[in-house]
Amino acid sequence: MDLLSSILGSMDRPPSKQQKGTNMYEKQRKEYECVKNRQREELNRFRTYVEERLGRFMKDENRHNLEFQSMDKVHRSIVHDVSETAGLSGMSFGMEGERYIVVYKKEHLPCEDELNARKNGEVWNEETAAQYAEKRRLKHLKQSGDTNDLHITRAEKLTPVSSCTKKYMQLFSEEVKMENVRKTEINASYGYVPSANKKDVRSIEQTMADILTKKRLKTHHKEPEEGPYSTEVSSQASRHIPGATDKA
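The structure reproduced in this document is the subject of the present report. (Residues numbered from 1 in each chain as written. Predicted model: local features only at pLDDT ≥ 70, side-chain atom pairs only at ≥ 80, totals over all residues. Heavy atoms only, no water.)

**Describing the layout of surface pockets**
Thinking step 1. By volume, the largest pocket is sized at about 250 Å³.
Thinking step 2. In terms of lining residues, the largest pocket is bounded by 15 residues, among which Phe93, Gly94, Tyr100, Arg118 and Gly121 are the most central.
Thinking step 3. Taken together, the elements giving at least two residues each to the lining of the largest pocket come down to β2 (89–93) and α4 (112–119).
Thinking step 4. Across the lining of the largest pocket, the residue classes break down as 5 nonpolar, 4 polar and 6 charged. (1 Å grid on protein atoms, 1.4 Å probe; cavity = no way out; pocket = protein on both sides within 12 Å on 5 of 7 lines; lining within 4 Å. Points joined across faces, edges and corners; volume = space filled by probe spheres on them. Helix = DSSP H or I, 4+ residues; strand = E, 2+ residues; numbered from the N terminus. Nonpolar A, V, L, I, M, F, W, Y, C, P; charged D, E, K, R; others polar.)

This is how it looks when you write it as structure tokens:
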């Protein structure tokens, strides 16, 4: 019994629940600190890389800009910070996830065409610069109204067509014969109304007044004709009635 108690007394007691939680927290804290230290060291190495690259760029008089590969927001912030400290101008382009930075010297900032091209996701080179220069030239010509370089002379643009023949020649070709062109003719009538009535230029009030005048003339001519006829009929009727009474 003394031997067993001595063995049990020499053994360590099992850790409590509170001690287990403390040990787990301490282990996680150490792992987190290790990860942060590795990230800090990586960012410091990247900062050193950016500083060395920008230093070589500033010494090169033949280069006006320096383009970095696409990177995340943290690395872009380092490039912006180093560029601003060195007296350079850094600009970000592209969509999120493929966003990159171009660093320019203060005396060689990008032109409007380059900014538009990079915002549209295009690669800026001599060919792209020529395309944007041509677009800008054509836009300027349209705004100024000068169409000589657009293969349309100003005289042709403003001169009206004097005849129907020239109009069809411009629309189709000179080989088109005028006999094949359908000529328009005036219709003899529009529905049930003759076309001659469509040429009446009187107003509605004047037309109604003329209609009333015609009606009055018609009634005035009918009254003298119906007067004698009606008196003769009435006299015959008066003579016929007594005769009928005599026969009765």
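Moving on from the coordinates now.
**Some words on a nonpolar patch on the surface**
Thinking step 1. A surface patch of nonpolar side chains, amounting to about 310 Å² of accessible area, comprises Ile204, Met208 and Ile211.
Thinking step 2. Relative to the assigned elements, Ile211 resides in helix α8 (residues 204–247). (Patch = residues over 30% accessible without salt bridge, like charges linked within 9 Å, V, L, I, M, F, W, Y side chains within 5 Å. Areas by Shrake-Rupley, 256 points an atom, 1.4 Å probe, with all protein chains shown as cover. Salt bridge = Lys/Arg side-chain N within 4 Å of Asp/Glu carboxyl O.)

**Some remarks on the sheet that holds strand β3 (residues 100–104)**
Thinking step 1. Read from one edge to the other, the open sheet built from 3 strands follows the order β1-β3-β2, with strand pairing classed as antiparallel. Both edges of this open sheet fall to β1 (65–67) and β2, since each of them pairs with a single strand only. Averaged over all pairs of adjacent strands, the angle between their axes in this sheet comes to 20°, without regard to strand direction.
Thinking step 2. Across 3 bridges, β1 lies against β3 in antiparallel orientation. (Pairing = 2+ DSSP bridges. Axes fitted to C-alpha atoms, helices over the stretch in contact; angles between N-to-C directions.)

**Digging into the nonpolar core**
Thinking step 1. In terms of nonpolar packing, the biggest core is built from 13 residues, with Phe46, Val50, Leu54, Phe68, Val79 and Val103 touching the most fellow members.
Thinking step 2. Of all the secondary structure elements, the ones that give two or more residues to this core are α2 (17–59), α3 (73–85) and β3.
Thinking step 3. By residue number, the principal contributor to this core is α2, which donates 4 residues.
Thinking step 4. Residues within four places of Val103 in sequence aside, it is in contact with Leu54, Phe57, His64, Asn65, Leu66, Phe68, Val79, Ser83, Leu88, Ser89 and Gly90. (Core = buried A, V, L, I, M, F, W, Y, C linked by side-chain atoms within 4.5 Å. Buried < 20%, exposed > 50% of the residue type's maximum accessible area, 1.4 Å probe, protein only. Contact = heavy atoms within 4.5 Å.)

**Focus on helix α5 (residues 126–144)**
Thinking step 1. If you check α5, its first and last C-alpha atoms are 27 Å apart, about what 19 residues at 1.5 Å a residue would give, namely 27 Å.
Thinking step 2. Among all positions in α5, only Thr128, Tyr132 and Leu141 are buried.
Thinking step 3. In the core, the buried residues of α5 are packed alongside α4.
Thinking step 4. With a side-chain oxygen lying 3.3 Å from the backbone nitrogen of Glu127, the N-terminal cap of α5 falls on Asn125. (Expected span 1.5 Å × (residues − 1). Polar contact = N/O pair within 3.5 Å; in protein donor to acceptor, adjacent residues only side chain to side chain.)

**Overview of the pairing of β3**
Thinking step 1. Among the 5 residues in β3, 5 count as buried, and that is most of the element.
Thinking step 2. Along β3, one buried face is formed by Tyr100, Val102 and Tyr104 and the opposite face, lined by Ile101 and Val103, is buried too.
Thinking step 3. The turn linking β2 back onto β3 is made up of 6 residues, and Gly94 within it adopts a positive phi angle of 95°.

**Points about the pairing of β2**
Thinking step 1. Direction of pairing for β2 relative to β3: antiparallel, over a ladder of 5 bridges. Directly across from Met91, in β3, lies its bridge partner Val102.

**Quick notes on the side chain of Arg118**
Thinking step 1. Secondary-structure assignment places Arg118 in helix α4.
Thinking step 2. Of note is the side chain of Arg118, whose polar atom sits 3.4 Å from the side chain of Tyr104.
Thinking step 3. Setting aside its immediate chain neighbours within four residues, Arg118 contacts Glu67, Phe93, Tyr100, Val102, Tyr104 and Trp124.

**Overview of the pattern of salt bridges**
Thinking step 1. The full count for this structure, using the stated rule, is 7 salt bridges.
Thinking step 2. Across the salt bridge formed by Arg136 and Asp113, the nearest N and O atoms sit 2.7 Å from each other. Of this pair, Arg136 sits in helix α5 while Asp113 sits in helix α4; the two residues are 23 residues apart in sequence, bridging distant segments of the chain.
Thinking step 3. The exposure class assigned to Arg136 is partly exposed, which follows from its relative accessible area of 47%.
Thinking step 4. Taking the shortest distance from any N to any O, the salt bridge between Glu134 and Arg137 comes out at 2.7 Å. Of this pair, Glu134 and Arg137 both sit in helix α5, 3 residues apart, roughly one helical turn.
Thinking step 5. Through salt bridges with shared partners, one network takes in Glu26, Arg29 and Glu33.

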